[in-house]
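Notes for the structure review
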Amino acid sequence: MTAPLDTGLMWFRRDLRLRDNAALHHATTACRAVHCVFVFDDAILAPLPREDRRVAFIRESLAGLDAALRERSGQRAAGVIVLRGDPAKLVPRLARELGAQAVFANKDYEPDAIARDDAVRTALARERIEFHAYKDQVIREEREVLTGGGTPYSVFTPYRRTWLALLEKGPLPRHDADAATFAPRPAEHRKDVPSLEALDFAPFALEMQAGESGAASRLADFERRIEAYDESRDYPAVKGPSFLSVDLRFGTVSIRELVSLARARALRAGVEAGNGAATWLSELAWRDFYFQILANFPHVVNGAFKPRYDAIAWAEGAQADAHFDAWCAGRTGFALVDAGMRQLNATGYMHNRLRMVTASFLTKDLGIDWRRGERYFAEKLLDYDLAANNGGWQWAASTGCDAQPWFRIFNPESQLKKFDPRREFVDRWVPPGEPRIAPIVDHEEARRLTLTRFGAIRDKD
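I will try to describe carefully the structure that is included in this document.

Examining the packing of aromatic side chains
Taken as a whole and judged by the stated rule, the model has 29 aromatic pairs. Ring centres of Phe 289 and Tyr 290 lie 5.8 Å apart, and the angle between their planes is 45 degrees; on these two criteria the pair is classed as tilted. Taking 6.2 Å as the distance between ring centres and 85 degrees as the angle between the ring planes, the aromatic pair formed by Trp 314 and Phe 454 counts as edge-to-face. Here the residue Trp 314 occupies a position in the loop between helix 11 (276-296) and helix 12 (318-329), and Phe 454 occupies one in helix 19 (residues 443-460), the gap between them amounting to 140 residues. Considered together, Trp 314 and Phe 454 belong to a single accessibility category, that of buried residues. An aromatic cluster is defined as three or more aromatic residues linked by ring pairs; in this entry it consists of Tyr 153, Phe 156, Tyr 159, Trp 286, Phe 289 and Tyr 290. Directly above the aromatic system of Phe 201 lies the positively charged group of Arg 50, at a separation of 4.0 Å from the ring centroid.

What follows is the structure in structure tokens.
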């Protein structure tokens, strides 16, 4: 890339922040003037329900980003150009209108996003406009962490060991932007971020603060609790998690900032102060692990990581459909499962322990294909991320890499006694006065059926 360029276009996607943004940093370093754009992609919006927390979160985050661009630059005409339609057509057209010599974006590793970016790159090339994409949403991408034999890891523990060792080589880079390069928008693009109604969605009041400011508030809160993370994270009635997963999903916080914080706190705390920060750092490594699984083994999007498990005879038919509906509605008769599903349906969030419990119940108590549950979570979760959601479901179903053994089957009643012994969480979502629902399956009988189902696959090996 020749520098400096006269004009660049920063294309925001799942990186809705100014702070420590790799592509924005490179754009403002390489260009004298930088315009910013976000495209509401019709291909993504069309299948969504008309009340969607994710669209509301994106819209609120964009409004914050739009205001921050004006504040940082000191220009009333600065801000985000917000478009709606097909990015493969709109981004090259806008770049041409603005006279941009290059478009800058952060990499997205999902298959549909890769195809979209390839289409944009091709269209820009026809206009002789450069396209530059940067690593931003992960610490280590694709094939950066490999085994001694030069192959991608499929087991987490050795992956984490190598991932952590790479952190020892020096501090992670920080990518701040030069606000002096933020360009005023052309008159025809000086518009407010469209409302949800203008995007054909129903008004929606978020239960949480969106945007970079919301992420900063959640991070500050978690910093005060981080030492207890390893002890509190498994109890859904306790404020144990970081609650930053949605911010990582939409890029309202930097993964580099979180990893740097976790590592510094882990090193400073020592053994006597607890393992909270070190445990959280390990969870952030899991996130990178699942991203590299998606990148290096893309067949997991539609099938089992271990292909032989695609032959599992999952339950089908009217009874399976009725069981699936009961699971979705939180009416299985198993209190912890039902509470978790009701929390998801009502808030768009589910505690991680309950994600494991509900996924195990669907696949191993009800014998239903993990892909049905994965799709339901994809529809409901505010923090839905393909790599993590797919990895988590395949872990629970024992079809994935480094998954729990297929003969390990969570007992939902034992999980309740261990992780919500006073029923504080359960009673919040399944009130004691509610008519009792009879369990839709017998756990021990379901366990035997699961062992038979998976055993049939093992016997073919």
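Picking up where we left off.
Some points on helix 12
Taking 1.5 Å of rise per residue, the twelve residues of helix 12 would be expected to cover 16 Å, and the 17 Å separating its terminal C-alpha atoms lies within 8% of that figure. Along helix 12, the residues that are buried comprise Ala 320, His 323, Phe 324, Ala 326, Trp 327 and Cys 328. Positive backbone phi, approximately 70 degrees, marks Gly 330, located one or two places after helix 12.

Describing the side chain of Asp 365
Residue position: Asp 365 is located in helix 14 (residues 352-365). Although Asp 365 is buried, it makes no salt bridge; Arg 447 carries the closest opposite charge, 8.8 Å away. A distance of 2.7 Å separates a polar atom in the side chain of Asp 365 from a polar atom in the side chain of His 443. Every residue in contact with Asp 365, bar those within four places of it in the chain, is listed here: Ser 360, Ile 409, Phe 410, Pro 412, Val 441, His 443 and Ala 446.

A look at the packing of helix 12 against helix 13 (residues 335-347)
Following both chains from N to C, one finds helix 12 and helix 13 inclined at 70 degrees, their axes separated by 7 Å at the closest point. Regarding the angle of helix 12 to helix 13, the classification is roughly perpendicular. Here helix 12 contributes Trp 327, Cys 328 and Ala 329 to the contact with helix 13, which in turn contributes Val 337, Met 341, Arg 342 and Asn 345.

So, the sheet that holds strand 3 (residues 80-85)
Taken in spatial order, the five strands line up as 3-2-1-4-5 in an open sheet, and their pairing is parallel. Looking along the sheet, the strands with just one partner apiece sit at the ends: strand 3 and strand 5 (130-134). Within this sheet the neighbouring strands show an average axis-to-axis angle of 30 degrees, counted without direction. Contacts between helix 3 (residues 53-73) and the sheet are confined to strand 1 (5-12), strand 2 (31-41) and strand 3, with strand 2 contributing the most and set at about 165 degrees to the helix.

Some words on helix 14
An α-helical turn contains 3.6 residues, so a residue and the one three or four places further along point in the same direction. Here helix 14 spans 19 Å end to end across 14 residues, near enough to the 20 Å set by a 1.5 Å rise per residue. Burial analysis of helix 14 places 13 of its 14 residues in the buried class, which makes it a mostly covered element.

Considering the environment of Ala 105
In this fold, Ala 105 is placed in strand 4 (residues 102-106). We classify Ala 105 as buried; its relative accessible area is 0%. Contacts of Ala 105, omitting those with residues within four sequence positions, involve Trp 11, Arg 13, Ala 23, Phe 131, His 132, Ala 133 and Tyr 134.

Thoughts on the nonpolar core
Burial of nonpolar side chains together is a common tendency in soluble globular proteins. Counting residues in each nonpolar core, the largest one holds 85 residues, and the members touching the most others are Trp 163, Val 259, Trp 280, Phe 289, Trp 327 and Phe 377. Counting residues per element, this core draws most heavily on helix 11, which supplies eleven residues. In this view, Trp 280 contacts Phe 222, Ile 226, Tyr 229, Ser 242, Leu 244, Leu 258, Leu 261 and Ala 262; residues no more than four positions away in its chain are not counted. Grouped together as the second largest cluster of nonpolar side chains are 41 residues, Ala 68, Ala 179, Leu 199 and Val 246 included.

Notes on the packing of helix 4 (residues 87-98) against helix 5 (residues 111-126)
Helices that pack against each other are described as a pair by the angle of their axes relative to one another and the distance between those axes. Contact geometry for helix 4 and helix 5: axes closest at 9 Å, N-to-C directions at 35 degrees. Judged by the twist between their axes, the crossing of helix 4 over helix 5 is right-handed. Residue-level inspection shows Pro 87, Ala 88, Val 91, Pro 92 and Ala 95 of helix 4 in contact with helix 5, the latter providing Arg 116, Ala 119, Val 120, Ala 123 and Leu 124. In the contact of helix 4 with helix 5, the residues fall into nine nonpolar, no polar and one charged.

Brief notes about the pattern of salt bridges
For the structure on display, the rule yields 38 salt bridges. The shortest N-O distance in the salt bridge between Arg 70 and Asp 66 comes to 2.8 Å. One end of the pair, Arg 70, and the other, Asp 66, are both in helix 3, four residues apart, so they sit about a helical turn from each other. In this structure, the salt-bridge partner of Asp 369 is Arg 371, at a minimum N-O distance of 3.0 Å.

Cut-offs and rules
Residues numbered from 1 in each chain as written. Predicted model: local features only at pLDDT ≥ 70, side-chain atom pairs only at ≥ 80, totals over all residues. Heavy atoms only, no water. Phe/Tyr/Trp six-rings, centres within 6.5 Å; stacked < 30°, edge-to-face > 60°. Helix = DSSP H or I, 4+ residues; strand = E, 2+ residues; numbered from the N terminus. Buried < 20%, exposed > 50% of the residue type's maximum accessible area, 1.4 Å probe, protein only. Lys NZ or Arg CZ within 6 Å of the ring centre and 35° of its normal. Expected span 1.5 Å × (residues − 1). Lys, Arg positive; Asp, Glu negative; His and termini not counted. Salt bridge = Lys/Arg side-chain N within 4 Å of Asp/Glu carboxyl O. Polar contact = N/O pair within 3.5 Å; in protein donor to acceptor, adjacent residues only side chain to side chain. Contact = heavy atoms within 4.5 Å. Axes fitted to C-alpha atoms, helices over the stretch in contact; angles between N-to-C directions. Parallel < 35°, antiparallel > 145°, perpendicular 65-115°, else oblique. Pairing = 2+ DSSP bridges. Core = buried A, V, L, I, M, F, W, Y, C linked by side-chain atoms within 4.5 Å. Left-handed = near helix turned anticlockwise from the far one by under 90°. Nonpolar A, V, L, I, M, F, W, Y, C, P; charged D, E, K, R; others polar.

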